[in-house]
Amino acid sequence: MDKVLLDEKAINRALTRISHEIIEKNKGVDDIVILGIKTRGVPLANRIVSKMERFEEEKIPFDVLDITFYRDDLEQKSAQPEVHNHLNIFVENKTVILIDDVIYTGRTLRAAIDAVIDVGRPNKIQFAALIDRGHRELPLRPDYVGKNIPTSKEEIVQVKLKEEDGIDEVILKENKK
């Protein structure tokens with residue numbers, strides 16, 4: 001049975017809190033660059049950037065980070081991975097904030113860090129996730145979390161966003177193998 005963990009209002013509150021925490025931790029938005037990790041990290045990052053720009057009344061550089069080529073499980077994904085290591089903004093000497101929907105094993109975050117470092121040397125890299133479900137395989141953790149949701153490895157956390165799915169909600173599902 002599916003269980004709704006976050007509805008539209010709860011997601012909005014979490015993103016508002018994350019936006020404020022990013023501003024507070026970095027003492028403003030100077031030298032900040034936001035990168036949304038493709039796919040669902042992108043609309044979340046867009047929303048966070050909009051909130052931060054509204055709060056700080058400053059433009060914040062934003063881009064999409066495609067980490068497909070950097071995954072260590074490529075053979076499971078595709079025989080011919082595409083390389084997308086292109087950013088339209090500079091990360092050199094900036095505070096790069098990576099944004100994704102769920103952190104689980106940490107492998108996506110590791111791939112994102114590799115992709116960022118390949119295009120420049122930021123001063124800092126920080127990470128925000130809407131959901132932290134635990135079960136890390138790598139010693140990585142988010143700096144900003146919308147909600148910690150303890151899960152079993154048999155469960156699936158599904159983030160649905162209006163931009164991709166027509167609805168905002170986070171659902172916990174049983175993995176029916």
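Residues numbered from 1 in each chain as written. Predicted model: local features only at pLDDT ≥ 70, side-chain atom pairs only at ≥ 80, totals over all residues. Heavy atoms only, no water.

(A) Looking closely at the packing of helix 1 (residues 8-25) against helix 2 (residues 41-56). Between helix 1 and helix 2, the least distance of the axes is 9 Å, while the angle of their chain directions is 55°. For the element pair helix 1 / helix 2, the angle class is oblique. For the pair helix 1 and helix 2, the crossing hand works out as right-handed. Packed against helix 1, whose contacting residues are Ile11, Asn12, Leu15, Thr16, Ile18, Ser19, His20, Ile22 and Ile23, the element helix 2 presents Leu44, Arg47, Ile48, Lys51, Met52, Phe55 and Glu56 at the interface. Per-class residue counts for the contact of helix 1 with helix 2 are 9 nonpolar, 4 polar and 3 charged. (Axes fitted to C-alpha atoms, helices over the stretch in contact; angles between N-to-C directions. Helix = DSSP H or I, 4+ residues; strand = E, 2+ residues; numbered from the N terminus. Parallel < 35°, antiparallel > 145°, perpendicular 65-115°, else oblique. Left-handed = near helix turned anticlockwise from the far one by under 90°. Contact = heavy atoms within 4.5 Å. Nonpolar A, V, L, I, M, F, W, Y, C, P; charged D, E, K, R; others polar.)

(B) Structural view of unusual backbone geometry. The amide bond that connects Lys38 to the next residue, Thr39, takes the cis arrangement and shows omega of 20°. With respect to the element layout, Thr39 can be found in the loop between strand 2 (32-37) and helix 2. Unusually for a residue other than glycine, Asp31 sits at a positive phi of about 65°. Topologically, Asp31 is positioned in the loop between helix 1 and strand 2. Its relative accessible area of 46% is what places Asp31 among the partly exposed residues. In this model, His135 sits at a positive phi of 70°, which is unusual for a non-glycine residue. Look at His135 and you get partly exposed, because its relative accessible area is 26%. (Buried < 20%, exposed > 50% of the residue type's maximum accessible area, 1.4 Å probe, protein only.)

(C) Here's a closer look at the sheet that holds strand 1 (residues 3-6). The 3 strands are arranged 1-8-7 in an open sheet whose pairing can be described as antiparallel. Each edge of the sheet is formed by a strand with only one pairing partner; in this case those strands are strand 1 and strand 7 (155-160). If you compare each strand with its neighbour and ignore which way they point, the axes differ by 30° on average. The pairing of strand 7 with strand 8 (residues 169-174) spans 6 bridges and is antiparallel. Counterpart to Lys160 in the pairing with strand 8 is Glu169. (Pairing = 2+ DSSP bridges.)

In short, geometric facts, not functional conclusions.
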